[in-house]
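The chain contents come next:
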Amino acid sequence: MIQSYDSANKNQPLIATDRAGQLLEQPAIDRIWALLDEVPDPEVPVVSVVDLGIVRDLSWEGEQLVVTLTPTYSGCPATEFIEDAIRDALHGAGIGNLRLQQRLAPAWTTDWITEAGREKLRQYGIAPPVGSASKRTLLGEEPDVACPQCGSHDTVQVSEFGSTACKALYRCNSCLEPFDYFKCI
Amino acid sequence: MTQNQALFEYLLRLGDSDMVLGQRLCELVGNAPALEEEMAIGNVALDLIGQARSWLTLAAEVASAAEIEGAGRSADDLAFTRDERAYRNLLLVEQANGNFADTMARQYLFDAWHFHLLSALSHSADERIAAIAAKGLKEVTYHLRRSSAWIKRLGDGTDESHAKMQEALDEIWTYSGEMFIGDEVDTLLSEAGIGADLAALHNLWKADVQAVFAEATLTCPSMDEYMQRGSKKGLHTEQLGFLLAEMQFLPRAYPGASW
């Protein structure tokens, strides 16, 4: 018997397969959520694809696992990379029969980023999105962004767009460090 | 004209305008006046090319399902193997980058139209169109916020920036009217609740540009001026051929090439 292990708990087999790679038992959906929570976003590796809210749904259709994904930005170059990473992780855990499907509506929003994800972003030096995505946030006044380094609210936007489409470039007037801000969409 | 033929045509127009403007903006990567602007321009281009991909993928699906012209072609085939006369992008977006004021004038007139268009299409009776529009709208809101800020900053800046911004606006203006000139395709889809109502769109756009120009201390050119047209029939300015030649070179020279 070949066993794959949950990296968080190495004594517990996650998914058991026989030598032909056939699943001996269908793993529970919450175990698969935990597994995908280990798959990092390629551009911001401290957060997982689950933290970001990209994985919307997991379900078994008979023998096949169906993974529903909502891509972030229309032109995000990481979309295919993320799909491959998810496929790799599931194959590695012995789940060979799977189908990835894209769901466009409702459109991805930063509101779906988990609390844990927001905290990880902050520790990584990226200010998490402030407030929730609404037209007022988008067209209205500048958000009150706290510096992820020193916590000061005395910050200024340097550029509407940063190193990736999802971020804007800010600078802290207190500690003078530049930082990325994860925009609300 | 059947509804599917109209839909295919409509999706090409949406996809081509995004594609061509995205490609134009890419010319500024490595070439923009400031690093922050280069990143912004590159990100806007990326959003537009991503949206073009969504529209052209849907166009390919519609064509194949209805077995109309273009059936069996993929989004890549549509982008990389159609000639100039088969492209349906607005004349506005194929215009050259010029100086930074020219780039921003073109961008702002387009963004203001794009924002209201996608707002309308996010309520389309065709849920595939509504989904792509709702997603794109979030991105385009940031594009509009940035380009309108630049119009105000340059217009209400120094004498020189004001003069250049006004000149850029006067120069590109003749290509703005086409966004609101409808044809059979627009009428058919607007009546079916699938496409946008161009008259309503024009009113929203006018109110937006007049408010921004007033704040930017710029003179809004006359809405009654003669406007260039032709893209809906594939009649383009001399600018598009060069752009497509560069964009399509690789897949035409090496068909089926992949990374």
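Residues numbered from 1 in each chain as written. Chains lettered and ligands numbered in written order. Predicted model: local features only at pLDDT ≥ 70, side-chain atom pairs only at ≥ 80, totals over all residues. Heavy atoms only, no water.

The name given to chain B in an unreviewed UniProt entry is Phenylacetate-CoA oxygenase, PaaI subunit, with the source organism recorded as Marinobacterium lacunae.

Taking an unreviewed UniProt entry as the reference, chain A is identified by name as Phenylacetate-CoA oxygenase, PaaJ subunit belonging to Marinobacterium lacunae.

Caption draft 1: Focus on the UniProt feature "domain: MIP18 family-like" (unreviewed entry) in chain A. Mapped onto this numbering, the UniProt entry gives "domain: MIP18 family-like" (unreviewed entry) at residues 30-91 of chain A. When the span residues 30-91 of chain A is considered, its composition is 32% helix and 21% strand, and the gap between its end C-alpha atoms is 17 Å. (UniProt positions renumbered as here; feature names shortened; annotations may be inferred. Helix = DSSP H or I, 4+ residues; strand = E, 2+ residues; numbered from the N terminus.)

Caption draft 2: Highlighting the environment of G98(B). Looking at the secondary structure, you find G98(B) in the loop between α4 (91-94) and α5 (100-121). Here the alpha-carbon distance between G98(B) and W205(B), two residues 107 residues apart in the chain, equals 24 Å.

Caption draft 3: Geometry of the domain arrangement of chain A. Residue and element names in this part refer to chain A. Taken domain by domain, chain A consists of domain 1 (2-102) and domain 2 (113-182). Between domain 1 and domain 2, the residue contacts involve nine residues of the former and 13 residues of the latter. Counting the contacts that link domain 1 with domain 2 gives one salt bridge. Connecting domain 1 to domain 2 are two residue pairs in polar contact (both at pLDDT 80 or more). Here the residues of the side of domain 1 that touches domain 2 sort into seven nonpolar, no polar and two charged. (Domains from an automatic or database assignment. Contact = heavy atoms within 4.5 Å. Salt bridge = Lys/Arg side-chain N within 4 Å of Asp/Glu carboxyl O. Polar contact = N/O pair within 3.5 Å; in protein donor to acceptor, adjacent residues only side chain to side chain. Nonpolar A, V, L, I, M, F, W, Y, C, P; charged D, E, K, R; others polar.)

Caption draft 4: Looking closely at the nonpolar core. The biggest cluster of nonpolar side chains holds 127 residues, and the ones touching the most others in it are I86(A), L90(A), L109(B), L121(B) and F213(B). Each of domain 1 (2-102) and domain 2 (113-182) of chain A accounts for three or more of the residues forming this core. Dropping the residues within four chain positions of it, L109(B) is found in contact with L92(B), L169(B), I172(B), W173(B), S176(B), M179(B), W205(B), V209(B) and F213(B). (Core = buried A, V, L, I, M, F, W, Y, C linked by side-chain atoms within 4.5 Å. Buried < 20%, exposed > 50% of the residue type's maximum accessible area, 1.4 Å probe, protein only.)

Caption draft 5: Representation of the interface of chain B and chain A in the model. Contacts between the two partners involve 23 residues from chain B, matched on the other side by 31 residues from chain A. Carbon and sulfur atoms make up 63% of the surface buried where chain B meets chain A, a total of about 2400 Å² over both sides. When the area that chain B buries against chain A is broken down by residue, the three leading residues are K135(B), Y142(B) and R145(B), summing to 33%. Our count for the contact surface shared by chain B and chain A stands at two salt bridges. Taken together, the connections running from chain B to chain A amount to nine residue pairs in polar contact (both at pLDDT 80 or more). Of all the secondary structure elements, the ones that give two or more residues to the side of chain B that touches chain A are α2 (35-66) and α6 (127-155) of chain B. When residues of the side of chain B that touches chain A are assigned to their parent elements, the largest contribution, 12 residues, is made by α6(B). Considering only residue class, the side of chain B that touches chain A consists of nine nonpolar, six polar and eight charged. (Buried area = accessible area lost by both parts, 1.4 Å probe.)

Caption draft 6: Seen up close, the environment of E94(B). You can see E94(B) is positioned in helix α4. Along the backbone, E94(B) and L244(B) are 150 residues apart, and their C-alpha atoms lie at a distance of 9.9 Å.

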